[in-house]
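Coordinates in review
Chain by chain, the residues run as shown.
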Number of protein chains: 2
Amino acid sequence: MKPINVGLLGIGTVGGGTWTVLARNAEEITRRAGRPIQITAVADRNVELAQKVTGGAARITTDAFELVKDPSIDIVVELIGGYTVAKELVLAAIENGKHVVTANKALLAVHGTEIFAAAQKKGVMVAFEAAVAGGIPIIKALREGLSANRIQWIAGIINGTTNFILSEMRDKGLSFADVLKEAQRLGYAEADPTFDIEGVDAAHKATIMSAIAFGIPVQFDKAYVEGITKLEATDIKYAEQLGYRIKLLGIAKRREQGIELRVHPTLIPTRRLIANVEGAMNAVLVQGDAVGATLYYGKGAGAEPTASAVIADLVDVTRLATADPENRVPHLAFQADKLSDLAILPIEQVETAYYLRLRVEDKPGVLADITRALADHAISIDAMLQKEPAEGESQTDIVVLTHRAVEGNVNSAIARIEALPTVLGAVKRIRLEELN
Amino acid sequence: MKPINVGLLGIGTVGGGTWTVLARNAEEITRRAGRPIQITAVADRNVELAQKVTGGAARITTDAFELVKDPSIDIVVELIGGYTVAKELVLAAIENGKHVVTANKALLAVHGTEIFAAAQKKGVMVAFEAAVAGGIPIIKALREGLSANRIQWIAGIINGTTNFILSEMRDKGLSFADVLKEAQRLGYAEADPTFDIEGVDAAHKATIMSAIAFGIPVQFDKAYVEGITKLEATDIKYAEQLGYRIKLLGIAKRREQGIELRVHPTLIPTRRLIANVEGAMNAVLVQGDAVGATLYYGKGAGAEPTASAVIADLVDVTRLATADPENRVPHLAFQADKLSDLAILPIEQVETAYYLRLRVEDKPGVLADITRALADHAISIDAMLQKEPAEGESQTDIVVLTHRAVEGNVNSAIARIEALPTVLGAVKRIRLEELN
């Protein structure tokens, strides 16, 4: 099948991540999209960097305006950022009949109406999953996954820098200024962090989500924007005492009179899942009238998480641009003739950690026998809980948490342990996953 | 634009929910899909019920096999359940060139390969978002949103009944048998709960997700399935002491030798977000090589949450079946000429709750003055925190949490409070959202 040719504008952090992931997962992505997706041309002022990343596998140019006119290009990926040149390039790409994928939230929040109208007129797609919450497919969820719903409100932690700062302020009781310096040192905040800490970045993203949720045009200029620079450690502490955490939320809410669109520090009950989203992570909570509350959580920034969204859009455009139903969206995600024959393993070959509970006689040597049986089957111990026998009793419980082990080995070890005279009855075995 | 005609097989809980939501949100759904989506025929043995739900707005029949051949029907929605009749009906619908939307996880986990092949051959779509995790768009996330990734593993709480039982066992220290009875009384568990409590339902869903994640055929017969019936309250307590919660997880994991596909009670660290998913809620955690971990959370069952997924599939099929790019997936979710002119409200008209922190002289009457100022502006108090002045000091902090109020009123109240001689400096104001 003829490959889809992609022209990449900007090969910095996200552009480099896009190149890397497309190359690394080329085989699976092709099986999903129905045809290869390849970056054939890159425009960047830093030719040396572009050559280093691509290793000569793509044409490099410094002239982005030439690239968006290249007749061999099917899709243009815009990763330059900003409102001015990026806007001209996106409009030129559309004018030349290219589909566009962009991560540029500022551009869409401010000039989206003009850009979408141009795309509509030319019959091309503009995809922007990467513009909101990085790798979390929240645009797709709002636009397609929740399309049955009258969406009532959206509340999102959609800026990782500020969530990292707020988490650190709470954890360590430090001031905003001190944590900001630390965040800059660690690379979680930029040298000029204004857009993040003043809430502008979050407001761009909230603006885009408000449009998709309520079917209104993007209206960044109407958003209320308040950052976290005036937040004091005292208030984080008092909020905690009252059962709340403070998060910078982007909120879009439908009211009878109109739409609330606002970004500001917000107290939320600690028991809500979204209140426990810490560090640089993002999460978006959506309230729909049919589905109720759904939450979407993941990394909101970084080279590969953002590239994940850019490439998902490339796959989407590739699938949708193919008019025959067989090559649109495959039932099982991968094209039907490209399924894998990886076998499903029998449970004995599964690897996981284990919780083992044993009832034992409280006698010397019991523990030694048990740990020996485990060690002989290549099972190592992560933690142990041993209770004193209750008053007047001679039996007690031992609980062992193991490191990862093969289930077959664990079965053998359990059989040996159950045969010990000091072990009473069956060993209770529950599997344990760290999920990290 | 010509409407899409839907034939509904089964108008029980989910079928009724689908009818209700399609009718209630018809205007928004049409703006999203590009054309009206209407249920024109319903097949159900219970004609009386079908007539009651539809109010005469659709043709009712008891002959489902007649309905799937009806030339006026574009999409068949199968909500009958089970493996036998449902399979014949779905295959007959496909054979007659209908697209199919189904919530039938058992059918797809067991007979998916045959059904998808038939659909592929006829060039029609089979959509099944509702088959896994109810209203959470997890199928779409795996099939489209994460298509850039080599997915490493999926771990999901994908059965609400068992998660409700486990939450109750932990909360109240009760036995499995006692909580099961309670769950049946409350309607969280069916009269015959075998499929849920033995893990079969979760294994159906895990099987479907494994196929989409790894590009393998559905192979329910290879899944390892262990339910929660043997779980004891003692182990939940010990796990808690060691920093873990026990959840029934559906796990699909890629190993070099093959795929692990298993459902069983699992200890997971309490600090993980997914460990805090309580009651009948569902959540799926997906680990991809580019995006890292993403989590999807929401209601996994119920009439309207499941209908939300069924209708999202109807919108998807409608969009995709329309070949011209303008009517595929609109940039802003709603068709470009169908945007709404709902205004974005100025911040003074926004309604939210507030956290107010005041520095005050510790004198009689201070609190009365403050609460009077709030009451005069229609602001009621939800909670208050007042500290004793520190040793030798005459000032202290008062923190007030208000109920929802209009921001303009709060501004006026704050101005009046700041003018009080006993209140020192500015009032610190942070907004508060319950997000429920």
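Being a predicted model, the structure only gives us computed values, none of them experimental.

As a further point, take the overall build of chain A. The helix and strand tally for chain A stands at 15 helices and 17 strands. Principal axes of the C-alpha set define a box for chain A whose edges measure 85 × 55 × 45 Å. Of all 436 residues assigned to chain A, the portion counted as buried reaches 61%. Carbon and sulfur atoms provide 51% of the accessible area of chain A, an area that totals close to 15,800 Å².

Here the focus is the sheet that holds strand 5 (residues 99–102) of chain A. Residues and elements named next belong to chain A. Spatially, 3-2-1-4-5-6 is the arrangement adopted by the six strands of the open sheet, whose pairing is parallel. For this open sheet the edge positions go to strand 3 (59–61) and strand 6 (126–127), each flanked by a neighbour on one side alone. Two strands pair when backbone bridges link them, and strand 1 (residues 4–9) and strand 4 (residues 75–78) are joined in this way by four bridges, in the parallel orientation. Within the sheet, the bridge partner assigned to Leu9 lies in strand 4 and is Glu78.

Attention now moves to the relation of the copies chain B and chain A. Each copy of the sequence occupies a distinct position, and chain B is placed on chain A by a rotation of 180° and an axial shift of 0.0 Å, giving an RMSD of 0.0 Å. What the superposition gives is, in effect, a two-fold axis relating one chain to the other. Looking at the rotation axis and the C-alpha trace of chain B, the residue lying nearest is Tyr296(B), at 2.4 Å. Mapped onto chain A, 100% of the interface residues of chain B again fall at the interface, so both copies present the same surface.

Okay, the nonpolar core next. Core analysis: the biggest nonpolar cluster contains 176 residues, and Ile138(A), Ile165(A) and Ile138(B) have the highest contact counts within it. Here Ile165(A) is in contact with Phe176(A), Val179(A), Leu180(A), Ala183(A), Ile197(A) and Ile228(A), once residues within four sequence places are set aside. Membership of the second largest hydrophobic core comes to 66 residues, among which are Ala33(A), Ala130(A), Leu320(A) and Ile11(B).

Moving on to the pairing of strand 2 (residues 37–43) of chain B. All names here are of chain B. When you tally the buried positions in strand 2, you get five out of seven residues, the bulk of the element. With six bridges connecting them, strand 1 (residues 4–9) and strand 2 associate as parallel partners. Residue pairing in the sheet places Asn5 in a bridge with Gln38 of strand 2. Bridge count between strand 2 and strand 3 (residues 59–61): three bridges; the pairing is parallel. Counterpart to Ala43 in the pairing with strand 3 is Thr61. Considered for its hand, the β-α-β crossover made up of strand 2, helix 3 (residues 47–54) and strand 3 is right-handed.

Contacts between chain B and chain A engage 138 residues on the former and 138 residues on the latter. Between chain B and chain A, roughly 12,200 Å² of surface is buried when both sides are summed, and carbon and sulfur atoms account for 58% of that area. In this assembly, chain B and chain A are joined by 22 salt bridges. The salt bridge involving Lys140(B) is made with Glu144(A); its shortest N-O contact spans 2.7 Å. At the junction of chain B with chain A, the criterion picks out 64 residue pairs in polar contact (both at pLDDT 80 or more).

The subject of this paragraph is the pairing of strand 12 (residues 292–299) of chain A. Taking burial as the measure, the eight residues of strand 12 of chain A include six buried ones, the bulk of the element. As paired strands, strand 11 (residues 281–288) of chain A and strand 12 of chain A are joined by eight bridges and run antiparallel to one another. Bridge pairing in strand 12 of chain A places Ala283(A) opposite Tyr297(A). Connecting the antiparallel pair strand 11 of chain A and strand 12 of chain A is a turn made up of three residues. Of the strand pairs in this sheet, strand 12 of chain A and strand 12 (residues 292–299) of chain B are connected by three bridges, and their pairing is antiparallel. Paired with Leu295(A) across the bridge in strand 12 of chain B is Tyr297(B).

Next up on the list: the sheet that holds strand 3 of chain B. Residue and element names in this part refer to chain B. Taken in spatial order, the six strands make up an open sheet running 3-2-1-4-5-6, and their pairing is parallel. Whereas interior strands pair on both sides, the edge strands pair on one side only; in this sheet they are strand 3 and strand 6 (126–127). Each of strand 1, strand 2, strand 4 (75–78), strand 5 (99–102) and strand 6 touches helix 13 (residues 303–321); the most contacted strand, strand 5, lies at about 160° to it.

Before going further, it helps to examine the pattern of salt bridges. Under the definition given, this model contains 78 salt bridges over all chains. Where Glu433(A) meets Arg262(B), a salt bridge forms, and the shortest distance between an N and an O atom there is 2.6 Å. One end of the pair, Glu433(A), is in the segment after strand 17 (423–432); the other, Arg262(B), is in strand 10 (residues 259–269), on a second chain. Linking Arg24(B) and Glu304(B) is a salt bridge whose minimum nitrogen-to-oxygen distance equals 2.9 Å. Separated by 280 residues along the polypeptide, Arg24(B) in helix 1 (residues 13–24) and Glu304(B) in helix 13 bring together distant segments of the chain.

What follows concerns unusual backbone geometry. All names here are of chain A. Its identity as a non-glycine residue notwithstanding, Ala378 has a phi of 65°, on the positive side. Tracing the chain through its elements places Ala378 in the loop between helix 14 (366–376) and strand 14 (381–386). We note that Leu435 has phi near 55°; this positive angle belongs to a residue other than glycine. Within the element layout of this structure, Leu435 appears in the segment after strand 17. Classification of Leu435 as buried rests on a relative accessible area of 10%.

Time to look at the environment of Gly34(B). Residues and elements named next belong to chain B. With respect to the element layout, Gly34 can be found in the loop between helix 2 (26–33) and strand 2. Spatially, the C-alpha atoms of Gly34 and Leu9 are 24 Å apart, while their sequence positions differ by 25 residues. Discounting residues that sit within four places of it in the chain, Gly34 has contacts with Met1 and Gln335.

So, on to the environment of Arg272(A). Along the chain, Arg272(A) turns up in the loop between strand 10 (259–269) and strand 11. For Arg272(A), a relative accessible area of 16% puts it in the buried group. Sequence-wise, Arg272(A) and Ile417(A) are 145 residues apart; in three dimensions their C-alpha atoms are separated by 43 Å. Residues contacting Arg272(A), with those up to four places away along its chain left out, are Glu434(B), Leu435(B) and Asn436(B).

On to the packing of helix 5 (residues 85–95) of chain B against helix 6 (residues 105–122) of chain B, then. Residues and elements named next belong to chain B. The N-to-C vectors of helix 5 and helix 6 enclose an angle of 15°; their axes lie 9 Å apart at closest approach. Judged by the angle between their axes, helix 5 and helix 6 are roughly parallel. Taken as a pair, helix 5 and helix 6 cross one another with a handedness that is right-handed. Contacts between helix 5 and helix 6 pair Ala86, Lys87, Val90, Leu91, Ile94 and Glu95 from the former with Leu107, His111, Glu114, Ile115, Ala118, Ala119 and Lys122 from the latter. Its residues placed into classes, the contact of helix 5 with helix 6 shows eight nonpolar, one polar and four charged.

This part covers a nonpolar patch on the surface. Together, Leu367(A), Ile381(A) and Met384(A) make up an exposed nonpolar region whose accessible area comes to about 200 Å². Among the structural elements, Ile381(A) can be located in strand 14.

What follows deals with the domain arrangement of chain A. You can read the domains of chain A as domain 1 (4–134 + 304–338), domain 2 (138–299) and domain 3 (347–432). Averaged C-alpha coordinates put domain 2 of chain A and domain 3 of chain A at centres separated by 46 Å.

On to helix 7 (residues 138–145) of chain B, then. The α-helix advances 3.6 residues per turn, and as a result positions three or four apart in sequence lie on the same side. Of all eight residues that make up helix 7 of chain B, eight are buried, and the element is covered over most of its length. Turning to helix 7 of chain B, its buried residues are Ile138(B), Ile139(B), Lys140(B), Ala141(B), Leu142(B), Arg143(B), Glu144(B) and Gly145(B).

Residues and elements named next belong to chain B. Residue placement: Arg319 occurs in helix 13. Lacking a salt bridge, the buried Arg319 has Asp316 as its closest oppositely charged neighbour, with an N-O distance of 4.6 Å. Among the polar contacts listed, one links the side chain of Arg319 to the backbone oxygen of Ala333, at a separation of 2.8 Å.

Procedures and definitions
Residues numbered from 1 in each chain as written. Chains lettered and ligands numbered in written order. Predicted model: local features only at pLDDT ≥ 70, side-chain atom pairs only at ≥ 80, totals over all residues. Heavy atoms only, no water. Helix = DSSP H or I, 4+ residues; strand = E, 2+ residues; numbered from the N terminus. Buried < 20%, exposed > 50% of the residue type's maximum accessible area, 1.4 Å probe, protein only. Areas by Shrake-Rupley, 256 points an atom, 1.4 Å probe, with all protein chains shown as cover. Pairing = 2+ DSSP bridges. Least-squares fit on C-alpha atoms with pLDDT ≥ 70 in both. Contact = heavy atoms within 4.5 Å. Core = buried A, V, L, I, M, F, W, Y, C linked by side-chain atoms within 4.5 Å. Right-handed = clockwise from strand over helix to strand, strands pointing away. Buried area = accessible area lost by both parts, 1.4 Å probe. Salt bridge = Lys/Arg side-chain N within 4 Å of Asp/Glu carboxyl O. Polar contact = N/O pair within 3.5 Å; in protein donor to acceptor, adjacent residues only side chain to side chain. Axes fitted to C-alpha atoms, helices over the stretch in contact; angles between N-to-C directions. Parallel < 35°, antiparallel > 145°, perpendicular 65-115°, else oblique. Left-handed = near helix turned anticlockwise from the far one by under 90°. Nonpolar A, V, L, I, M, F, W, Y, C, P; charged D, E, K, R; others polar. Patch = residues over 30% accessible without salt bridge, like charges linked within 9 Å, V, L, I, M, F, W, Y side chains within 5 Å. Domains from an automatic or database assignment. Lys, Arg positive; Asp, Glu negative; His and termini not counted.

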